[in-house]
Amino acid sequence: MDILVINAGSSSLKYQLVDKETLQVLAKGNCEKIGLDDSFHKFEIGELSETRVMPIPDHQSAVQAALDVMLDPEAGCLKNLSEIVAVGHRIVHGGEYFSESVIITDEVRRRIEECILLAPLHNPPALMALRACSILMPNATPVAVFDTAFHQTMPAKAFMYALPYSCYKEMKIRRYGFHGTSHHYVAERAALLLGRSLTDMKMVTCHLGNGCSLAAIDGGFSVDTTMGFTPLEGVMMGTRCGSIDPAIVSYLIENKDLTPDDVNNLMNRKSGLLGISGVSNDLRDVQEAAAAGNEQAALAEQMYAHSIKKYLGQYAFEMGGLDVVVMTAGVGENSARMRELIFHNLGTMGIIIDPARNALSGGERIISSDNSRVTVAVIPTNEELVIVKDAIRLIG
Ligand code: ADP
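The text that follows walks through the structure, step by step, so that each part is easy to find. The structure presented is a predicted model; accordingly, all values stated were derived computationally and were not measured.

**Re the environment of Val388**
- The residue Val388 is located in helix H15 (residues 383-395) in this model.
- Considered as a pair, Val388 and Arg337 are 51 residues apart in the sequence and their alpha carbons are 33 Å apart.
- In this view, Val388 contacts Ile3, Val5, Val18 and Leu23; residues no more than four positions away in its chain are not counted.

This is the structure in structure tokens:
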């Protein structure tokens, strides 16, 4: 019995097939450039690792391509599709409807469709993948795991924007937060690593990948998070600007002859590490350029650390204390240098990093020194595992 995890983007579809009993990953892959001329399917099954350039016109073809390699009589890992008992779908936006994962019924699908207005780029491909899976695997139970669900515990004072109340009431404009599956997972893993209960800890989890967000987690509940109505708000990211003065938007439209779409594009795709450094959205390239004397790259690196430090301080104050900080995702897990910059000079705030521990790599680990009042841990995230476990729990 296996669980299939599906993470559909507008032109990509990532998947993993996981054994329900052992939680072992049996196959994983990614169909990219769906609908374009140069689409391809990259996958790993056992020892086999392959990239097939092939036409993938839509999400159903992508799911079919994944199933074809898994069912391959020689290299595959499935004898027939009935071995897949559930399909766990990562859904970016569940609005205010979902505070936990659910089995997808017609009613749930309608709610996800309603949330297209809030996530026009993300929910439609997820719905396409959902439709494809129910056609190709009608007997597998579909499960939805929402990026927004974990943050539904935020109090109104944290999720409301100080706009006219009608913007919330009529248009549902509020902070939703994203990366919830990751924040929840690393918080729980950190509690296990420290041998403490989540219920008596004040924690800030930092998910620093291409997209970046921080969450304030008090007693196990998300009480604030940096991403907001969309994943653009908050800390500086790879290509996103994070929080800026909102008046800049109309200023750019009026004075630079840009359309709202142009500004959206500028803030989402041309800003952040890429925009400041002019080098790359990948922190590794930015750090390399900075080390070689590129001043804009050095500034980008400093700004990135600064924006994270700012929210760390904010959340410690909001929660009235801080016990644990967790670093995760591409940057959080791998960049010792960025961690060093973020936590530099915080000794008086009770955060002291042990340089030797920080320099080590791999696995779940503590990087703060023994005399640091706040424990800092690195916890590799695993959103797929959460989706699998939620699916197993829901199908019983
Ligand atoms: P996504 O948000 O797409 O899931 P990841 O969590 O894999 O992405 O993070 C990708 C980012 O992690 C890369 O763009 C890169 O900036 C950063 N990264 C990965 N490894 C390192 C490293 N060793 N040093 C610095 N940055 C790294």
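**Here we look at the packing of helix H1 (residues 59-71) against helix H3 (residues 123-136)**
- It is at 8 Å that the axes of H1 and H3 come closest, and there the two elements cross at 50 degrees. It follows from the interaxial angle that H1 and H3 lie oblique. As H1 packs across H3, the resulting crossing turns out to be right-handed. Along the contact surface, H1 presents His59, Gln60, Val63, Gln64 and Leu67, while H3 presents Pro125, Met128, Ala129, Ala132, Cys133, Ile135 and Leu136.

**Some remarks on the pattern of salt bridges**
- Per the counting criterion, the structure on display carries 19 salt bridges.
- A salt bridge links Arg337 to Glu301; the shortest N-O distance between them is 2.6 Å. Separated by 36 residues along the polypeptide, Arg337 in helix H13 (residues 336-343) and Glu301 in helix H11 (residues 295-319) bring together distant segments of the chain.
- Looking at Arg337, the relative accessible area reads 40%, which means it is partly exposed.
- When salt bridges that share partners are traced, they join Glu107, Arg110, Arg111 and Glu114 into one network.

**Description of the site of the ligand**
- The immediate surroundings of the ligand are formed by Gly209, Asn210, Gly211, Asp282, Leu283, Arg284, Gln287, Ala329, Gly330, Val331, Asn334 and Ser335.
- At 2.9 Å, a backbone N or O of Gly330 approaches an oxygen atom of the ligand.
- One of the backbone N or O atoms of Val331 is found 3.5 Å from an oxygen atom in the ligand.
- When isolated, the ligand has an accessible area of 580 Å², and the protein chains bury 68% of it.
- Residues that form the shell around the ligand fall into these classes: three nonpolar, seven polar and two charged.

**A look at the pairing of strand S3 (residues 25-32)**
- With seven bridges joining them, strand S2 (residues 12-19) and S3 adopt antiparallel strand pairing. If you follow Tyr15 over to S3, its bridge partner there is Gly29.
- Taken together, S2 and the strand that follows it, S3, pair antiparallel across an intervening segment of five residues, in which Leu23 is found at a positive phi of about 60 degrees.
- Both S3 and strand S4 (residues 40-45) contribute to a ladder of six bridges, which runs antiparallel. Counted as the bridge partner of Asn30 is Lys42 from S4.

**Regarding the sheet that holds S3**
- Read across the open sheet, the eight strands follow the order S5-S4-S3-S2-S1-S6-S8-S7; overall the sheet is mixed. Edge positions in the sheet fall to strand S5 (48-53) and strand S7 (102-103), since each of these pairs with one other strand and no more.
- Running at roughly 35 degrees to S2, H1 makes contact with strand S1 (2-8), S2, S3, S4, S5 and strand S6 (84-91) of the sheet.

**Here we look at the nonpolar core**
- Counting 42 residues, the largest nonpolar core has Leu208, Leu214, Tyr304, Val325, Met327, Ile342 and Phe343 as its most contacted members.
- The leading source of residues in this core is H11, at ten residues.
- With residues near it in sequence (within four places) discarded, Leu208 still touches Leu214, Tyr304, Ile308, Met327, Thr328, Ala329, Gly330, Val331, Gly332 and Ile342.
- Counting residues in each nonpolar core, the second largest holds 29 residues, with Ala8, Leu13, Ala27 and Phe43 among its members.

Thresholds applied
Residues numbered from 1 in each chain as written. Predicted model: local features only at pLDDT ≥ 70, side-chain atom pairs only at ≥ 80, totals over all residues. Heavy atoms only, no water. Helix = DSSP H or I, 4+ residues; strand = E, 2+ residues; numbered from the N terminus. Contact = heavy atoms within 4.5 Å. Axes fitted to C-alpha atoms, helices over the stretch in contact; angles between N-to-C directions. Parallel < 35°, antiparallel > 145°, perpendicular 65-115°, else oblique. Left-handed = near helix turned anticlockwise from the far one by under 90°. Salt bridge = Lys/Arg side-chain N within 4 Å of Asp/Glu carboxyl O. Buried < 20%, exposed > 50% of the residue type's maximum accessible area, 1.4 Å probe, protein only. Near = heavy atom within 4 Å. Polar contact = N/O pair within 3.5 Å; in protein donor to acceptor, adjacent residues only side chain to side chain. Areas by Shrake-Rupley, 256 points an atom, 1.4 Å probe, with all protein chains shown as cover. Nonpolar A, V, L, I, M, F, W, Y, C, P; charged D, E, K, R; others polar. Pairing = 2+ DSSP bridges. Core = buried A, V, L, I, M, F, W, Y, C linked by side-chain atoms within 4.5 Å.

Nothing here speaks to function; it is geometry throughout.
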